[in-house]
Amino acid sequence: MFLSAFIVVLIVLVHLWAGKIALLNPLPRRKWLSLFGGISVAFVFLHIIPDLSYMQESLNEKLLPPFIENDLFVLAMCGILLFYGIERGVIHFREGNSTEDKTVEEHAIFWSHVGLFALFNSIIGYYLHNELRTDDFSSFLTLLALCFHLFIVDYSLLLHHDKMYDKAGRWIMIIAVVTGWVIGTVFTIPDYISFVLFALLSGAIIVNSFKEELPEEKESNYLYFLIGTTVYTVLWVI
């Protein structure tokens, strides 16, 4: 419990300070984001996908139809479509609404965007307590990767919503992760519900890990991306 509480504090600090990277000049900023992006992508392949496979096998052994053979992977795909769809909707709104008479629509986009990621944060908070029941190094690497991943998410939300996110959004994200962690310390939900939530969370992590690195206009730094991926992989396998 102590280690999970420590990680919660780290995530709170991430949300409080991630925006400060905007004060840096563009080159170091992209290097840091590419480094964190590399860690996130390695995390997807070394932790998320294997865990989904393990949970799917467990689910197949315990449950009967109407559950399908690869339902958790289907749910992860739904998570990808949901979060990617919201992201594209925000970008489309920014590009298609250049007039000043857009306050109501902008607030609606802000609350739907931040609300979805607050749900994402609350699920992470729940898993912080349950993931770290043993204080081993792999668990520490898992939650450390989540901190780096949330740094990228936080910075992306700040770019989209600027002052609204700085004044309100980051505090919503903080409240969400703390609330999820408190729920995890008090309640233990059934495995099949936990697996479903993890699958949706996995889809969100997958799409958020790649969307910051793959688009050409992001000007990603491949060397730092490679360093992040390699270092995290080496630490994971040793």
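Details of the structure are given in the entry above.
Caption draft 1: Quick peek at the overall build of the protein chain. Scanning the protein chain from N- to C-terminus turns up 7 helices and 0 strands. Reading the secondary structure of the protein chain in the N-to-C direction produces α-α-α-α-α-α-α. For the protein chain, the exposed area adds up to about 12500 Å²; of that, 69% sits on carbon and sulfur atoms.

Caption draft 2: How the structure looks around the nonpolar core. Counting 57 residues, the largest nonpolar core has Ile 11, Phe 120, Ile 124, Leu 128 and Ile 205 as its most contacted members. Looking at this core, the elements with two or more residues in it are helix H1 (2-17), helix H2 (26-62), helix H3 (71-96), helix H4 (103-131), helix H5 (137-186) and helix H6 (191-211). Top contributing element to this core by residue count: H5, with 18 residues. Excluding residues within four positions of it along the chain, Ile 124 makes contact with Ile 11, Leu 146, Leu 150 and Leu 201.

Caption draft 3: Spatial organisation of the packing of aromatic side chains. Here the structure, examined in full by the defined rule, presents 11 aromatic pairs. With a centroid separation of 5.9 Å and 45° between ring planes, the pair formed by Trp 32 and Phe 36 is classed as tilted. Note that Trp 32 and Phe 36 are positioned in helix H2 at a spacing of 4 residues, about one turn of the helix. According to the relative accessible area criterion, Trp 32 is partly exposed, its value standing at 44%. For Phe 36, a relative accessible area of 9% gives the class buried. Pairwise contacts between aromatic rings join Trp 32, Phe 36, Phe 148 and Phe 151 into one cluster.

Caption draft 4: Layout of the pattern of salt bridges. In this structure the tally under the stated criterion is 1 salt bridge. Ionic pairing is found between Arg 170 and Asp 166, a salt bridge with its closest N-O pair at 3.7 Å. In this pair, Arg 170 and Asp 166 are both assigned in helix H5, 4 residues apart and thus about one turn of the helix distant. Under the relative-accessibility criterion, Arg 170 is labelled buried at 18%.

Caption draft 5: Looking closely at the packing of H5 against helix H7 (residues 222-237). At a minimum axis distance of 9 Å, the contact between H5 and H7 shows a crossing angle of 155°. Comparing the axis directions of H5 and H7 gives the class roughly antiparallel. Judged by the sense of rotation from one axis to the other, the crossing of H5 with H7 is left-handed. Along the contact surface, H5 presents Phe 137, Ser 138, Leu 141, Thr 142 and Ala 145, while H7 presents Tyr 232, Leu 235 and Trp 236. In terms of residue class, the contact of H5 with H7 is built from 6 nonpolar, 2 polar and no charged.

About the criteria used
- Residues numbered from 1 in each chain as written.
- Predicted model: local features only at pLDDT ≥ 70, side-chain atom pairs only at ≥ 80, totals over all residues.
- Heavy atoms only, no water.
- Helix = DSSP H or I, 4+ residues; strand = E, 2+ residues; numbered from the N terminus.
- Areas by Shrake-Rupley, 256 points an atom, 1.4 Å probe, with all protein chains shown as cover.
- Core = buried A, V, L, I, M, F, W, Y, C linked by side-chain atoms within 4.5 Å.
- Buried < 20%, exposed > 50% of the residue type's maximum accessible area, 1.4 Å probe, protein only.
- Contact = heavy atoms within 4.5 Å.
- Phe/Tyr/Trp six-rings, centres within 6.5 Å; stacked < 30°, edge-to-face > 60°.
- Salt bridge = Lys/Arg side-chain N within 4 Å of Asp/Glu carboxyl O.
- Axes fitted to C-alpha atoms, helices over the stretch in contact; angles between N-to-C directions.
- Parallel < 35°, antiparallel > 145°, perpendicular 65-115°, else oblique.
- Left-handed = near helix turned anticlockwise from the far one by under 90°.
- Nonpolar A, V, L, I, M, F, W, Y, C, P; charged D, E, K, R; others polar.

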